[in-house]
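Chain by chain, the residues:
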Amino acid sequence: MTQSLPGQAPPAGPPRAGAKQAPPTQSTRKEAIVNATSGMTLRALPRIPHSVKRLLLGFRSITVDGNTLDTTLQLMLAAQHVAGIESGLVANDDIAAARAQLDFLAASFKQNIPVAAVTNLSIPGPAGPIPARHYRPAEGVAPVLVFYHGGGQAIGSLDTHDDLCRKICRDGAVHVLSIDYRLAPEHKAPAGSDDAFAAYKWALDHAAELSAKPDLVAVGGDSAGGNLAAVVTQRARNEGVPPPAVQLLIYPVTNYRDETRSQTLFAEGYFLTKRDLHWFRDKFLDGAQLDVSDPRVSPLLADDLTGLPPALVLTGGFDPLRDEGRQYADAMRAAGVSVDHREFGSLVHGFANFFPLGGGSATATAEMISALRAHLARA
């Protein structure tokens, strides 16, 4: 089943006239004020000159572990602090509210990047159809990246990562197949990774129908999506399925079992918090079929990392997930895997989605896409 969409994404806007809305409560009113304040701040950031940002920050910098926080991100975090937004990525324990909050954040600085075509698809999955979205580059026949969005395996969607997929498609001259895998807590592990693997195998079999190159199918994702890309890559090797051409791991979750130094250093105040990590893990793994140490959820803990395809790994210096990303890159390299690990010391978790804000996030995202394109050219 397919549904064509315009290459130019529709702008976010208010609810349609006549749409039914629940009566506001004190909590929803507060969230609406917070959302509006956050949205205005994010939309304004790209237009503020660097010197003015420094002035607004009182010419103060934040340096931790030898890294100095990017000025644009420092101002974003400072503005959220002033607005009373200090709860991290997950602002509400209610799963529906947490998902809505991320939807709003993504829409707050959406760029609506044009690509040649965008089509919604339905891919056969192990528990029913898997929604997906295909982004077609102007170049036509090109490699395809099977992309898994982040969100702790519990939030996030095709829409929250729409702009990032569009940017990868346009600037990387690559097809992008974004996968709307099943989320926790409704679907515990390994439901999401089962969907991710089914989508990868579908892309192998149907790449030509997408006008993509069947021998250049890559996998990638950010955060929890990076975890899925790593798990899919290991499973392909284990089950004798043709391996991805490249694995793009953007600040991936690689170890649900162990706590790292970076989780303590950046426990709060840098967008993704330690509380967020625990909340996501509980939603994903409490009552699941798999233990936290199972490599099907913690790919760093696999006994054997040999024979995996080339990996492009990105980490941020102010990210609680920094150390486990480093560790996975080092472990793959020690196993003989070709690894291109790039750490952006000034950036926080989520920087690939923050590229519209400018600053170091935009620079790092551009470098990531250029590196991906180069790796695919060599594959």
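To keep things clear, this report deals only with the structure shown in the data block.

What to know about the overall build of the chain
Helix and strand counts for the chain stand at 11 helices and 11 strands. Excluding contacts between residues fewer than 6 apart, the proportion of contacts in the chain whose partners are at least 24 apart in sequence is 78%. Accessible surface for the chain amounts to roughly 15700 Å². Of this, 53% is attributable to carbon and sulfur atoms.

Details of the packing of aromatic side chains
In the structure shown here, the tally under the stated rule is 9 aromatic pairs. An angle of 70° between the planes, with centres 5.0 Å apart, marks the rings of Y251 and F351 as edge-to-face. Taken as a pair, Y251 in the loop between β9 (247-250) and α8 (261-265) and F351 in the loop between β11 (339-348) and α11 (359-378) lie far apart in primary sequence, 100 residues in all. Summarising the burial analysis for this pair, Y251 and F351 share the class buried. An angle of 50° between the planes, with centres 5.5 Å apart, marks the rings of F266 and F318 as tilted. Taken together, the positions of F266 in the loop between α8 and α9 (274-285) and F318 in strand β10 (residues 311-318) put the pair 52 residues apart, joining distant regions of the chain.

Notes on the packing of helix α5 (residues 162-172) against α11
The geometry of α5 relative to α11 is characterised by a closest axis approach of 9 Å and an angle of 50° between their N-to-C directions. Between α5 and α11, the interaxial angle falls into the category oblique. α5 and α11 meet at a crossing whose hand is right-handed. Where α5 approaches α11, its residues L164, K167, I168, D171 and G172 are matched on the opposing element by T365, M368, I369, L372 and R373. Across the contact of α5 with α11, the residue classes tally to 5 nonpolar, 2 polar and 3 charged.

As for the pairing of strand β4 (residues 117-123)
Of all 7 residues that make up β4, 5 are buried, and the element is covered over most of its length. Note: β4 against strand β5 (residues 130-136), 7 bridges, orientation antiparallel. Across the sheet, N120 pairs through a bridge with R133, a residue of β5.

Section: the pattern of salt bridges
Within this structure, the stated rule accounts for 23 salt bridges. K110 is paired through a salt bridge with D163; the nearest N and O atoms lie 3.5 Å apart. In this pair, K110 is assigned in the loop between α4 (95-108) and β4 and D163 in helix α5, connecting sequence segments 53 residues apart. Taking the relative accessible area as the measure of exposure, D163 reaches 8% and is therefore buried. It is possible to trace a salt-bridge network through shared partners that takes in D65, R261, R322, D323, R326 and E343.

Quick notes on the environment of T254
Inspection of the secondary structure puts T254 in the loop between β9 and α8. Sequence-wise, T254 and L301 are 47 residues apart; in three dimensions their C-alpha atoms are separated by 8.0 Å. Those residues in contact with T254 that lie beyond four places of it in its chain are S298, P299, L300, E324, G325 and Y328.

Rules used in this analysis
Residues numbered from 1 in each chain as written. Predicted model: local features only at pLDDT ≥ 70, side-chain atom pairs only at ≥ 80, totals over all residues. Heavy atoms only, no water. Helix = DSSP H or I, 4+ residues; strand = E, 2+ residues; numbered from the N terminus. Contact = heavy atoms within 4.5 Å. Areas by Shrake-Rupley, 256 points an atom, 1.4 Å probe, with all protein chains shown as cover. Phe/Tyr/Trp six-rings, centres within 6.5 Å; stacked < 30°, edge-to-face > 60°. Buried < 20%, exposed > 50% of the residue type's maximum accessible area, 1.4 Å probe, protein only. Axes fitted to C-alpha atoms, helices over the stretch in contact; angles between N-to-C directions. Parallel < 35°, antiparallel > 145°, perpendicular 65-115°, else oblique. Left-handed = near helix turned anticlockwise from the far one by under 90°. Nonpolar A, V, L, I, M, F, W, Y, C, P; charged D, E, K, R; others polar. Pairing = 2+ DSSP bridges. Salt bridge = Lys/Arg side-chain N within 4 Å of Asp/Glu carboxyl O.

Structural measurements only, silent on function.
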